[in-house]
Amino acid sequence: MAQHSTYSGGASRVRRRALLGTAVLAVLVALAGLATYLTREGRSPSDTASAPPSSPTASSSPAAPSRPHTRPRALPVPPKTHDPITYGKAAAAALWSYDTRAYSQPELRKALRGWLTTESKYADPASVDQVVPSAVLWREMAANKQVATAKVNEGHFPHAFTQALQDDPGAITQAYVYAVTVSGKQSIRWKGSSAGGVESRSTTLAVQCRPNHPCALVGVMPSVAP
């Protein structure tokens with residue numbers, strides 16, 4: 001899909017999507033195990049990539065989630081850390097959370113893009129945009145004051161990534177891009193609801209952590225790597 005090399009040169013969105021995979025794979029040229037896993041056809045997309053757009057299955061029903069008496073949540077701000085797992089967990093929580101009472105869809109999208117690495121060679125904003133509900137869906141959610149919060153249970157380097165690094169530790173030193181898999185739960189509430197919905201979430205993120213620089217997000221992987 002996005003990681004196939006047969007994309008149109010003029011399709012910048014597809015090119016950006018492809019760069020997410022190559023951001024990790026090009027840096028870790030010797031990491032055939034990770035490349036094989038992430039580009040394998042037939043794998044289901046990551047929960048994160050589809051969660052917010054599909055999560056409002058509740059929005060197609062009469063009511064959509066938002067905690068009636070909670071304070072509005074601020075836009076997500078990236079942490080200053082040099083630990084890719086710590087950063088990945090924070091990024092996943094940000095991607096799984098939103099508050100239609102507190103800000104607009106464009107504001108959330110802009111804030112999440114602020115987590116991306118400034119190295120455009122690696123940054124994949126399209127993969128982040130796909131996590132944000134569409135403008136039409138956001139309006140429906142906002143009408144019901146929908147709020148989503150996230151609880152991260154754990155984060156780790158995928159097995160294939162760890163094994164590949166053991167096989168060739170120096171391969172990471174070109175762009176310092178790490179694969180991080182995060183799992184947790186997303187809770188959704190809306191006005192007038194005494195109880196919302198809770199769904200399990202998991203995603204694999206590409207995180208860049210160069211020496212002497214805080215970590216930054218590269219993008220959301222199209223598949224979840226265990």
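What this report covers is the structure whose coordinates are included nearby. (Residues numbered from 1 in each chain as written. Predicted model: local features only at pLDDT ≥ 70, side-chain atom pairs only at ≥ 80, totals over all residues. Heavy atoms only, no water.)

Concerning the sheet that holds strand E5 (residues 216-220)
1) Next: Spatial strand order, E1-E2-E3-E4-E5: five strands in an open sheet with antiparallel pairing. One side of each edge strand has no neighbouring strand; the edge strands of this open sheet are strand E1 (98-99) and E5. (Pairing = 2+ DSSP bridges. Helix = DSSP H or I, 4+ residues; strand = E, 2+ residues; numbered from the N terminus.)

Brief notes about the layout of surface pockets
1) Next: Put simply, the largest pocket is a space of about 290 Å³.
2) Next: In terms of lining, the largest pocket is formed by 16 residues, of which the most central are Thr117, Thr118, Pro214, Cys215 and Ala216.
3) Next: When the residues that make up the lining of the largest pocket are grouped by side-chain class, the tally is eight nonpolar, five polar and three charged. (1 Å grid on protein atoms, 1.4 Å probe; cavity = no way out; pocket = protein on both sides within 12 Å on 5 of 7 lines; lining within 4 Å. Points joined across faces, edges and corners; volume = space filled by probe spheres on them. Nonpolar A, V, L, I, M, F, W, Y, C, P; charged D, E, K, R; others polar.)

Side note on the state of the cysteines
Cysteine pairs can be covalently joined through their sulfur atoms, and such a bond is termed a disulfide.
1) Next: Counted by the stated rule, this structure contains one disulfide.
2) Next: Linked covalently through their sulfurs, Cys209 and Cys215 form a disulfide whose S-S length is 1.9 Å. Here the S-S torsion is close to 115 degrees, and the disulfide linking Cys209 with Cys215 is therefore right-handed. The exposure classification of Cys209 matches that of Cys215, with both residues buried. (Disulfide = S-S within 2.5 Å. Buried < 20%, exposed > 50% of the residue type's maximum accessible area, 1.4 Å probe, protein only.)

Some thoughts on helix H4 (residues 84-95)
1) Next: With 12 residues, H4 ought to run about 16 Å at 1.5 Å a step, and its terminal C-alpha atoms sit 16 Å apart, in line with that.
2) Next: When we look at burial in H4, the residues that qualify are Pro84, Tyr87, Gly88, Ala91, Ala92, Ala94 and Leu95. Down the axis of H4, the buried set is contained in an arc of 160 degrees. They therefore lie on one face.
3) Next: Among the residues of H4, the N-terminal cap falls to Asp83, whose side-chain oxygen and the backbone nitrogen of Ile85 are separated by 2.9 Å. (Expected span 1.5 Å × (residues − 1). Arc of directions from axis to C-beta. Polar contact = N/O pair within 3.5 Å; in protein donor to acceptor, adjacent residues only side chain to side chain.)

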